[in-house]
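The residues making up each chain are set out below.
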Amino acid sequence: MGTDPETKRLVIPEEVPVLAVRDTVLFPHAVLPLTVGRESSVQLIQSLGEEKIIAVIAQKDGRTEQPRPEELYDVGTLALIHKVIRMPNESLFVFAEGIERIRAKSYTQVTPFLKANIEELPEPKSEPSPELEALQRNIVLTFQQIVSSSPGLSDELQTIVLNIEEPGRLADFVAGALPFLTTTQRQELLEMLDVGKRLELLNRYLIKERQLAELRSKIESQVQDQLTQGQREFYLREQLKAIQKELGEAEEGQREVEELKKKIAEAKMPEEAEKEALKELQRFARMSPASAEYTVSRTYLDWLSTLPWSRFSEDQISIQKAQEILEADHYNLEKVKDRILEFLSILQLKPGLKGPILCFVGPPGVGKTSLGKSIARAMGRKFVRLSLGGMHDEAEIRGHRRTYIGALPGQIIQGIRRAGTNNPVFMLDEVDKIGRDFRGDPAAALLEALDPEQNFQFRDHYLDVPFDLSKVLFITTANVLDPVPDALRDRMEVLELPGYTEEEKIQIAFRHVIPRQVAEHGLRTEEHIQFTEEALREIIRHYTREAGLRNLERNIATICRKQARRLAGGETQRLVVDRAIVRGDLGAPQILPETEVAERTEQPGVAVGLAWTPTGGDILFVEANQMPGRQALIMTGHLGQVMQESMQAALTWVRSNSQRWNLPPGYFENREIHLHVPAGAIPKDGPSAGVTMATALISLLTGRRVRPNVAMTGEITLSGLVLPVGGIKEKVLAAKRAGITEVILPQQNAAHAEEDLKKEQLEGLELRYVRTMDEVIELALESGRTQPMEKEPSEEKPAVIW
């Protein structure tokens, strides 16, 4: 190889050795240090004489150890070897300068190293243009920005790139200097002979890299700011520690941890709960107060350490004292009082007795909730009340898991914490009014808490450790048991609290209601107001008709308010409340007088029945009438399906025994029978009015009136038997409140009546027990023969009219 004297250019030989390189592309006019380690490549360098010209061509796959000609790119760079340095590991370190682009036409030698015939790839001359100049300037500017933002690139590159004027050489220099270009991208730029296209492609690569560099710089700046802030906080916190140490003050966090540790030790938790508390305390001690988990962990530890794991109320096992307290607070309710005294008696013999689950069922206003307070006072225990009415969320009972923001234990654990002891009297009010929706069924969540065999390991979702509820005396209240699920009802001992009689209400009013209302209105019994028994009877009979006492108390409060107003107006005279004062202060009577029943049963076809309601009991009237027309039964009064079927059964029995009532054959074929139960806005249902309906029909068809002040209840069969019904006590008391003097009951209900009703409750009331409808008719209808019936002319059959 030599130099052409005219052009002073190197004379390019047709055949040159080929050096295959990995992950490297050599551009013209660039000097590139190469490490030569392959045996064939070392032999190639060592074979060079004075002619130090080689072709540098990149491999397509850098992992290939001994590349064949087809595994190399076609285009490479002719290079001049300037210096060769032998390394200790027998490899060579050479400096190669790119001269120009070449293409390998054919390979003439494969071993011991590659040789190939080559051809030059001259760069076409490009005419200067504004577009080309703009591209050059943009590339230079972008390249400078990348160099300034990249610590790995030398700042000298910015100066060098400004001194390059040829566009092709500029593109090769920038492409060779950028470290982020891949081998494929470099090879593409090497093979691109058109300078304009090469500059456009390079410009795209540079713009993309500049955007990435800006984003990287932004991220680094943010991280640096965070680090700076963190270092500042750390420095200030260390200073604060040093100041507290100099002042002799314990570190705040450490003092808090010590306080919690002391509380946990004093709580005397079970082993599992204490293990969990200490584990959480270790986690809490490592937390920063600025951590989001800090408050969550602290709240959890507070709950664990403040629950009464081992604190309990000493039971006052004095049967006589407990009986005195129960008698002083509540009148009557003997069954409930006996059950509490029985429990206390057993507790005296066996201190470790598990608490029973009692359920008080009764109409509103009979004292279910206040009875729970009296039981707690009689036992010397704390009292906690939880209203379940309208509760829909299962988590209200069992708590939320700690993963939720603002999570807290359920109402049971919260109630235990408020009580401060692990054996309070816990009243679950309105258990029959629990709802359910997509958030779960609270009634199902109560199953574990109200099961003595399970509640010694009640696990709240928030605490996630078992808590012993077996020492708690749970009392639930309900107006009716029907809405309560069977599984929950099975876990409770049901104690019924029936309504009060008139005499009981008077006694309760004098003992409790009047003193409370007089005191609440700022009055004094001795100086300002006095209620007579006559006044109380007037209020009970004509202004209230209820099983409980709430309306009675409201009316007494009304009279007290009016007297307080008179005293505030200047009057000083003591008021003795009698019947006239009651009517003057409360207005016209709201309940019809005692003669209502007698007046409404003056004509045949009207009978008095007894009904059970959630508020106690009540009387209802059944009216029957007939009219000419097609055979039909009309039923009105907002009746349920069961009650309508009872009407049909009553009519069937009457028709099947029509001869007994002197009714001619075919009498019902041209008669329409209408049965009506007044108070049509109130829904009515149930089978217990069957005997009343049959009695009203017989009274209508025979013309015999129902005896005044007689009421009845019972289910009728098609054969005329009278079957037992429920709610006997409530029905009998409702009859007495309405002025009824005689009640007809099924024979099979005799045991219930004798057990549930006291002698004083039955005073002035006669109970008659029957087995068949024949007995009912004999007792209910007035004696005497059936009225004669007047005949109407008819072509087919004589019509009978009573």
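Just above sits the structure.
Residues numbered from 1 in each chain as written. Predicted model: local features only at pLDDT ≥ 70, side-chain atom pairs only at ≥ 80, totals over all residues. Heavy atoms only, no water.

1. Structural notes on the side chain of Arg381
Going by this rule: Only DSSP runs of H or I covering at least 4 residues are called helices, and only runs of E covering at least 2 are called strands; the numbering of each starts at the N terminus. For the exposure calls, accessible area comes from a 1.4 Å probe over protein chains only, and a residue counts as buried if that area is under 20% of its type's maximum, exposed if over 50%, partly exposed in between. Nitrogen and oxygen atoms within 3.5 Å of one another constitute a polar contact, given that in protein one can donate a hydrogen and the other can accept it, and given that sequence-neighbouring residues count only through two side-chain atoms. We call two residues in contact whenever any of their non-hydrogen atoms come within 4.5 Å of each other.
Along the polypeptide, Arg381 turns up in the loop between helix H12 (368–379) and strand E8 (383–387). Judged by relative accessible area, Arg381 falls into the buried class, the value being 10%. A distance of 3.2 Å separates the side chain of Arg381 from the backbone oxygen of Lys471, its partner in a polar contact. Residues in contact with Arg381, not counting those within four places in the same chain, are Ser313, Asp315, Leu347, Ala376, Asn423, Pro424, Val425, Lys471 and Leu473.

2. Description of the pairing of strand E1 (residues 15–21)
Condition: We treat two strands as partners when DSSP finds at least two bridges between them.
Of all 7 residues in E1, 6 are buried; the element is thus mostly enclosed. Where E1 lies against strand E6 (residues 114–120), 4 bridges are found, and the strand directions are antiparallel. What sits directly across from Val18, in E6, is Leu114. Judged from the 4 bridges that link them, E1 and strand E3 (residues 53–58) form a sheet pairing that is parallel. Residue Ala20 lies in a different strand from E3, and its bridge partner there is Ile57.

3. Section: the pattern of salt bridges
It is possible for side chains bearing opposite charge to pair when their charged atoms get close. Worth spelling out the cut-off: The salt bridge definition used is simple: a Lys or Arg side-chain nitrogen within 4 Å of an Asp or Glu carboxyl oxygen.
Considering all chains together, one arrives at 41 salt bridges under this definition. With a shortest N-O distance of 2.7 Å, Asp172 and Arg101 are connected by a salt bridge. One end of the pair, Asp172, is in helix H4 (residues 167–177); the other, Arg101, is in strand E5 (residues 92–109), and 71 residues separate them in sequence. The exposure class assigned to Asp172 is buried, which follows from its relative accessible area of 4%. A salt bridge links Glu533 to Arg537; its shortest N-O distance comes to 2.7 Å. Residue Glu533 and its partner Arg537 are located together in helix H18 (residues 533–542), separated by 4 residues, close to a single helical turn.

4. A look at the environment of Thr24
Structurally, Thr24 can be placed in the loop between E1 and strand E2 (31–36). The spatial distance from the C-alpha of Thr24 to the C-alpha of Gln59 is 8.5 Å, given a sequence separation of 35 residues. When neighbours within four sequence positions are excluded, Thr24 is seen to be in contact with Leu32, Leu34, Ala58 and Thr183.

5. Concerning the environment of Glu775
Within the secondary structure layout, Glu775 lies in helix H26 (residues 773–780). Distance from Glu775 to Lys263, taken between C-alpha atoms, is 75 Å for residues 512 residues apart in sequence.

6. Focus: helix H8 (residues 271–285)
The following threshold applies: Multiplying 1.5 Å by the helix residue count minus one yields the expected span of that helix. Arc, as used here, means the arc of the directions from the helix axis to the C-beta atoms.
With 15 residues, H8 should cover 21 Å at 1.5 Å per step; its first-to-last C-alpha distance of 21 Å lies within 8% of that length. Here H8 has its buried residues at Ala273, Ala277, Glu280, Leu281 and Phe284. Angular distribution of buried residues about the axis of H8 spans 105°; they occupy a single face of the element. Among the exposed residues of H8, those oriented more than 90 degrees off its buried face are Glu271, Lys275, Lys279 and Gln282.

7. Here's the deal with the packing of aromatic side chains
Here is the rule: In this analysis, rings of Phe, Tyr and Trp, with Trp reduced to its six-membered ring, are considered paired at centre separations within 6.5 Å, and the interplanar angle assigns stacked below 30 degrees, edge-to-face beyond 60, and tilted for intermediate values.
Inspection of the entire model under this criterion finds 8 aromatic pairs. With a centroid separation of 5.8 Å and an interplanar angle of 70°, the aromatic rings of Tyr300 and Tyr462 are classed as edge-to-face. One end of the pair, Tyr300, is in helix H9 (residues 292–306); the other, Tyr462, is in the loop between strand E10 (458–459) and strand E11 (466–467), and 162 residues separate them in sequence. Per residue, the accessibility class of Tyr300 equals that of Tyr462, and both read buried.

8. What about unusual backbone geometry?
In this chain, Thr111 is followed by Pro112 through a cis amide linkage whose omega measures -5°. Positive phi outside glycine occurs at Asn662, with the angle close to 60°. Within the secondary structure layout, Asn662 lies in the loop between helix H22 (641–656) and strand E19 (671–676). The exposure class assigned to Asn662 is exposed, which follows from its relative accessible area of 55%.

9. Thoughts on the side chain of Arg38
Under the convention used in this document: Counting rule applied: Lys, Arg positive; Asp, Glu negative; His and chain ends not counted.
Take Arg38: it is sitting in the loop between E2 and helix H1 (39–47). Look at Arg38: it is buried, it has no salt bridge, and the nearest opposite charge is Glu65 at 5.0 Å. Side-chain polar atoms of Arg38 contact the backbone oxygen of Ala20, separated by 2.8 Å. Sequence-distant contacts of Arg38, that is, excluding residues within four places in its chain, are made with Ala20, Val21, Arg22, Gln59, Thr64, Glu65, Gln66 and Pro67.

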